[in-house]
Amino acid sequence: MNMKLLQKIGLGVFLIGLGLFCTLILLGNYKLNSKEFKSILDAKGIHSELFINSINTNLVDKEFTEPFSFSSTIITAVEESNKIHKKNREWKKIIWEKPHSLSFEIAKIAAKGAVKENKSLFWLLTFGLGILGSLLYILPNVIVLGPPGIKNNGIYFNSSTNRGFLGWFVFLFLVAFYVLLYFFPDYIVNWTFIVDPISQSISGNLASQWFLYGFLYCVVMIVMAIRMYIKYRNNKYQILRTTSVLFFQVVFAFLIPEILVRFDKPWYDFKNAFPLDYDFFFSWNLNSLISSGGFGLFILVWGIVLTLVIVPIMVYFFGKRWYCSWVCGCGGLAETLGDPFRHLSNKSIGAWKLERWMVHSVLLFSIVMTGLTLYSYFSGTQNVIGIKTQTIQNIYGFLIGSVFAGVIGTGFYPIFGNRVWCRFGCPLAAYLGLIQRFKSRYRITTNGGQCISCGNCSTYCEMGIDVRAYAQKGQNIVRSSCVGCGVCSAVCPRGVLKLENGPLENRIFSPEFPLGNTIK
Amino acid sequence: MDAPPIIVVGNGISGVTFARHFRKNSTKPLLIISKETPYFFSRTALMYVYMGHLRWEDTQPYERNFWKKNKLDLLQGTVTHINPKEKKITLSDESILSYDSLVIATGSLPNKFGWPGENLTGVQGFYSKQDLDSLEDFSATTNEAVIVGGGLIGVELAEMLHSRGKKVTFLVRENSFWNNVLPKGESELINQHLLKHGIDLRLSTNLSEIIEDKTGRVKAIRTDSGEIISCQFVGLTAGVKPNIDFLKNTDIATNRGILVNKYLETNQTSIYAIGDCSEQQEPQVGRRPIEAVWYTGRMMGETLAQTLTGNKKAYRPGHWFNSAKFFDIEYQTYGLVAAQTENFEKHFHWKHPIENVAITIAYDQNTKQFLGINTFGIRMRHELFDQMLYEKKSIFYVIEQLANCNFDPEFFESFEEEILQKFNKEFNTEIKLKKKSWKVIFKNIMP
């Protein structure tokens, strides 16, 4: 069998699946009857007669053939009624829910048509074909790529991995996906239908856009982890690390929280540590935890202990890699879906400087925000020194939580590499980094004088560390940003680099000359 | 008028290492002249540019403003003549520069042995940036390539061309790959690995003639057995020689390379030579007069920088070490392992039954002193071996320390037990492995 042909077929199948997935948005129609509307009003506790009239006039019993005008009708109704209620100071009538979230919930009920009626069929035609196509493309690499070893041939000749037109295309696609997911969930309600059966079987609920995202996240990671297993099959560190991030994503970030929901417990990802989990101390979360009895309190204590005790102790012994490239979900996607783009990180001294300013600013921002939040929570005031806590939370949620972590963090993989968020934005990475830099047994040891300055290590460092700059001087690499992915060591042609945990003494040293010269 | 600068001819690892270390201890003006490229790059990385692993700019270890910041002036030009009496050099554009001291670090050139057709289009060595560019030019019109000369550059060129889908025939004069350096078992391991990658390896085969097509481009070669092998590209990789032709009409003494004493001084005052182009008149015991490897070039640069900043030092390389990669097999060596065991030197050899993993340890059969090690597919710690060589440890000690010596990434399968078993059987000993100890491993790390 011609393996390259098989790969081409796989690519074709994948693109058909992806194309159908995109087309789903436009299928079916939306029609809300007055009974359904009534039930939504009751469930949401909406009392605004302006909103109710507007929807009754413009939406109820009318057929919409695409989600955009359906959505805009609702958004207009919410915004206009809120405007008047605000003017009249009718606080109880204001609809506080995000307009597109409300619109999503209405659309979920109002949507009709093929997708909603044939969920499993459309799952197969989109996810199914996508997975099948990807595997047909990936699996033949066992033969196509040749014997086990480093498989970086042609990376800079391929337009998808050298910021060529395919890279820009993937970039646009990913950004569009994240913008829809975070800001226009009501446009993608059809996508959620195809995962409804899976959601119902786990949590018992219909799928939200976040369930869709969680499921897609796991599928993408599993498929791309298979690619990692093939690409790095000569390297056990990579294989174990990939298995670990995959396990924590699928079990801890996806299955356990959904199962908790089934048992009426709060949705919680046990490995997602504050301040990456930035809304852990938000009042709605604290209230929800406290009101869920002993289990909620356990989560509360666990969340605090994780950040204040477990994280620093583990970083002391193993470096931040135990979290960033063995456990973390953001890291997990970066190390699987993002692996083909790892070399695109910027290695300049300027980028390093920018990184330190940005990532530590975000850490500071998250701590200040949490401080204000807790102060508000315990004092019961909305404002702290004239600043509205809610406003700060909203700014953080939008800028850091959505735009930075999502749109930029993943959307920019094909342009700035796969760790943009982890390097420039993640407050937890900044916290772990400080410990790693100043109090940790972890380092990348440079093997005496063996470095030939070839630059493979620096090029394939996803965090943009100029590894070569240290190795060629015979210095160990001790950098706060290093996530310990181990790829510098893997791609080194001369066996110069080793990630290891050893004594703190002389972890950082600077020989006058690399080993080999005996002049004194 | 400004004082004349230290002039370094050549911006390879030797010249640039010299310049960096010179600048650490002196503020005197320094000018680096290079014919090849405006900025220093890592020659060893050229192959990865052709294979698409790296971009050209990734081969340059220092950012552009590094040179300005450190007041290291750069000039791209060709030195055509040196006048030691007036302390002046002439460039190809006929400009004349005065120097305070002159450091020649012009590196090597690929060997050509007068083969018929060796100057045809599509025939070249692989050493310089220009070689990379012309290889790239020929690449689009090359389906079949022949490589002549079984050394490290030859095997790299084979890997490069193979990575771009060319059919590669590899002519090796010896009856096994690089067996003038590697012991038999290891050389055989590489032979097999090349074949597995689909390289058409021709052992004990010499090049007789390179055959030209109508346009002056190579279309085939003829081997010494008379076989004609069609090809559109021929890589000549039968070693390198010092790049010193431009010194022909000067008073600087040369043999194969520029002759230098242990202080790296030539026979002319204020003129020094370092790196591949230099030839030691009195090399250290066990060392060759010309050692064209990255590491020695670097060490000579480091050493001369001391001398020229008022701290005169002799060139004293420590124990020999080297490394290479043959397709997927990494190779490291510490100390000296002869290709053939003779006199007092004996070898202990271990090879994994299936994997491409092997080691050879050389020792003195009388004293059992450890002499050197070759490793294939296992990474080992430079510091520890360097230390054991200085301390003249026995082979028994080395075997005991194997776990500490291992430098493979975490979780890699280790083979120390298998190696130990074979060793104990052959030597009739009952050595046990010492447990991994950070104390031993990091004993020698500089504070």
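On a predicted model such as this, the values are computed, not experimentally measured, just so you know. (Residues numbered from 1 in each chain as written. Chains lettered and ligands numbered in written order. Predicted model: local features only at pLDDT ≥ 70, side-chain atom pairs only at ≥ 80, totals over all residues.)

1. What about the overall build of chain B?
Let me state the cut-off plainly: Numbered from the N terminus, helices here are DSSP runs of H or I no shorter than four residues, and strands are runs of E no shorter than two. Counting other C-beta atoms within 10 Å of a residue's C-beta gives its exposure: the residue is buried at 20 or more, exposed at 12 or fewer, and partly exposed in between, where C-beta atoms are placed from the backbone. Placing C-beta atoms from the backbone, we regard two residues as in contact once those atoms come within 7 Å.
Per the secondary structure count, chain B includes 12 helices and 25 strands. Expressed along its principal axes, the backbone C-alpha trace of chain B runs to roughly 75 × 60 × 40 Å. Among the 447 residues that make up chain B, the fraction classed as buried is 46%. A sequence separation of at least 24 residues applies to 60% of the contacts in chain B between residues at least 6 apart.

2. Quick notes on the environment of Cys461(A)
Residue and element names in this part refer to chain A. Mapping Cys461 onto the fold places it in the loop between α23 (456-459) and α24 (467-471). For Cys461, a count of 27 C-beta atoms within 10 Å puts it in the buried group. Linking Cys461 and Cys482, residues 21 residues apart in sequence, is a C-alpha distance of 8.8 Å. Contacts of Cys461, omitting those with residues within four sequence positions, involve Ser345, Val467 and Cys488.

3. Looking at the domain arrangement of chain B
As a reminder, the rule being used: The split of the chain into domains comes from an automatic or database domain assignment.
Domain boundaries in chain B define domain 1 (6-109 + 241-307), domain 2 (123-238) and domain 3 (321-441). Measuring from the centre of the C-alpha atoms in domain 1 of chain B to the corresponding centre in domain 3 of chain B gives 35 Å.

4. Observations concerning the packing of helix α12 (residues 209-231) of chain A against helix α17 (residues 329-336) of chain A
All names here are of chain A. Quick reminder of the rule: With axes taken as lines fitted to C-alpha atoms, and helix axes fitted only over the stretch in contact, angles between N-to-C directions fall between 0 and 180 degrees. For classification purposes, angles smaller than 35 degrees are called roughly parallel, those larger than 145 roughly antiparallel, those between 65 and 115 roughly perpendicular, and all remaining angles oblique. Working rule for handedness: look at the near helix, and if it is turned counterclockwise from the far one by less than a right angle, call the crossing left-handed; if clockwise, right-handed. Residues are grouped as follows: Ala, Val, Leu, Ile, Met, Phe, Trp, Tyr, Cys and Pro are nonpolar; Asp, Glu, Lys and Arg are charged; every other residue, Gly included, is polar.
The geometry of α12 relative to α17 is characterised by a closest axis approach of 8 Å and an angle of 45° between their N-to-C directions. On the basis of the axis angle, α12 is oblique to α17. Note that α12 runs across α17; the crossing there is left-handed. Facing α12, whose interface residues are Tyr217, Met221, Met224, Ala225 and Met228, α17 presents Gly332, Leu333 and Thr336. Taken together, the residues of the contact of α12 with α17 sort by class into 6 nonpolar, 2 polar and no charged.

5. Quick word on the sheet that holds strand β15 (residues 228-230) of chain B
All names here are of chain B. To keep it simple, the criterion reads: Between any two strands, at least two bridges found by DSSP are needed for them to pair.
A sheet is described by the order of its strands in space; here 3 strands give the open sequence β13-β14-β15, paired in antiparallel fashion. If you trace the sheet from one side to the other, it starts and ends with β13 (207-212) and β15, each paired once. Here the average twist between neighbouring strands, direction ignored, is 25°. Here β13 runs beside strand β14 (residues 218-223); their pairing, made up of 5 bridges, is antiparallel.

6. Comments concerning the packing of α12(A) against helix α13 (residues 236-262) of chain A
Two quantities define a packed helix pair, namely the angle between the axes and the distance from one axis to the other. Residue and element names in this part refer to chain A. Across the interface, α12 lies against α13 with an axial gap of 10 Å and an inter-helix angle of 170°. The orientation of α12 with respect to α13, classified from their angle, is roughly antiparallel. Classified by chirality, the crossing of α13 by α12 is left-handed. Of the residues in α13, those in contact with Gly214, Tyr217, Cys218, Met221, Ile222, Ala225, Met228 and Tyr229 of α12 are Gln238, Ile239, Thr242, Leu246, Gln249, Val250, Ala253 and Phe254. Here the residues of the contact of α12 with α13 are counted per class, giving 12 nonpolar, 4 polar and no charged.

7. Looking at the domain arrangement of chain A
As far as domains go, chain A holds domain 1 (29-112), domain 2 (158-337) and domain 3 (349-429). Placing the centre of domain 1 of chain A and that of domain 3 of chain A at their C-alpha centroids yields a distance of 32 Å.

8. Points about the nonpolar core
Basically, it comes down to this: For this analysis, nonpolar core means a set of buried Ala, Val, Leu, Ile, Met, Phe, Trp, Tyr and Cys residues linked through C-beta atoms within 7 Å.
Ranked by internal contacts, the top residues of the largest apolar core, which has 238 residues, are Cys488(A), Val8(B), Val103(B), Ile104(B) and Val234(B). In terms of residues, this core owes the most to one element, α12(A), which gives 10 residues. Here Val234(B) is in contact with Gly122(B), Val123(B), Val146(B), Val148(B), Ile210(B), Val218(B) and Ile221(B), once residues within four sequence places are set aside.

9. Here we look at unusual backbone geometry
Residues and elements named next belong to chain A. Omega for the peptide link from Phe274 to Pro275 comes to 5°, which places this bond in the cis form. Looking at the element boundaries, Pro275 is found in the loop between α13 and α14 (283-291). Phi at Asn506 takes a positive value of approximately 60°, unusual for a residue other than glycine. Using a count of 13 C-beta atoms within 10 Å as the deciding quantity, one classes Asn506 as partly exposed.

10. Some details on the pairing of strand β22 (residues 329-335) of chain B
Of all 7 residues in β22(B), 7 are buried, a share of seventy percent or more. Connecting the antiparallel pair strand β21 (residues 321-326) of chain B and β22(B) is a turn made up of 2 residues, with Phe327(B) showing a positive phi of about 50°.

11. Points about the sheet that holds strand β1 (residues 6-9) of chain B
Strand-to-strand pairing in sheets goes through backbone hydrogen bonds, with the strands running parallel or antiparallel. Residues and elements named next belong to chain B. Spatially, β3-β2-β1-β7-β19 is the arrangement adopted by the 5 strands of the open sheet, whose pairing is parallel. Each edge of the open sheet carries a strand with a single partner, namely β3 (72-76) and β19 (271-273). Between one strand axis and the next, the sheet turns by 20° as a mean value, whatever way the strands run. On top of the sheet, helix α1 (residues 13-25) reaches β1, β2 (30-34), β3 and β7 (102-104); it is set at about 170° to β2, its chief contact.

12. Brief notes about helix α15 (residues 293-318) of chain A
All names here are of chain A. The condition that has to hold: In this scheme, a helix's expected span is set at 1.5 Å multiplied by one less than its residue total.
Compared with the 38 Å implied by 1.5 Å per residue over 26 residues, the 35 Å span of α15 between its first and last C-alpha is a close match. Within α15 the residues assigned to the buried category are Ile299, Gly303, Val311, Met314 and Val315. Check the buried side of α15 and you find it contacts α14, α16 (321-324) and α22 (427-438). Trailing α15 by a residue or two, Gly319 shows a phi angle of about 85°, which is positive.

13. Topic: the pairing of strand β25 (residues 370-376) of chain B
All names here are of chain B. Buried residues dominate β25, accounting for 7 of its 7 residues. Sheet topology places strand β24 (residues 358-364) next to β25; 6 bridges connect them, and they run antiparallel. Counted as the bridge partner of Thr360 is Asn374 from β25. In this antiparallel pair of consecutive strands, β24 and β25, the connection spans 5 residues, and Lys368 shows a positive phi of 65°.

14. Here we look at the environment of Ile378(B)
Residue and element names in this part refer to chain B. Summarising the element assignment, Ile378 is placed in the loop between β25 and α8 (382-390). A tally of 25 C-beta atoms within 10 Å means that Ile378 is categorised as buried. Spatially, the C-alpha atom of Ile378 lies 7.4 Å from that of Glu330, the residues being 48 residues apart in sequence. Those residues in contact with Ile378 that sit more than four places away from it in its chain are Val357, Ile359, Asn406, Asp408 and Phe415.

15. Digging into the confidence of the model for chain B
Defined as follows: Every residue is assigned a pLDDT by the predictor, reflecting its confidence on a scale from 0 to 100.
Of all residues in chain B, 99% have pLDDT values of 70 or greater, and the mean over the chain is 96. Overall fold confidence for the complex sits at a pTM of 0.96, while the interface term, ipTM, reaches 0.96.

16. Describing the environment of Phe378(A)
Residue and element names in this part refer to chain A. Within the secondary structure, Phe378 is located in helix α18 (residues 349-379). Phe378 sits in the exposed class, given 9 other C-beta atoms within 10 Å. Taking the C-alpha atoms as reference points, Phe378 and Ser283, 95 residues apart in sequence, are found 9.5 Å from one another.

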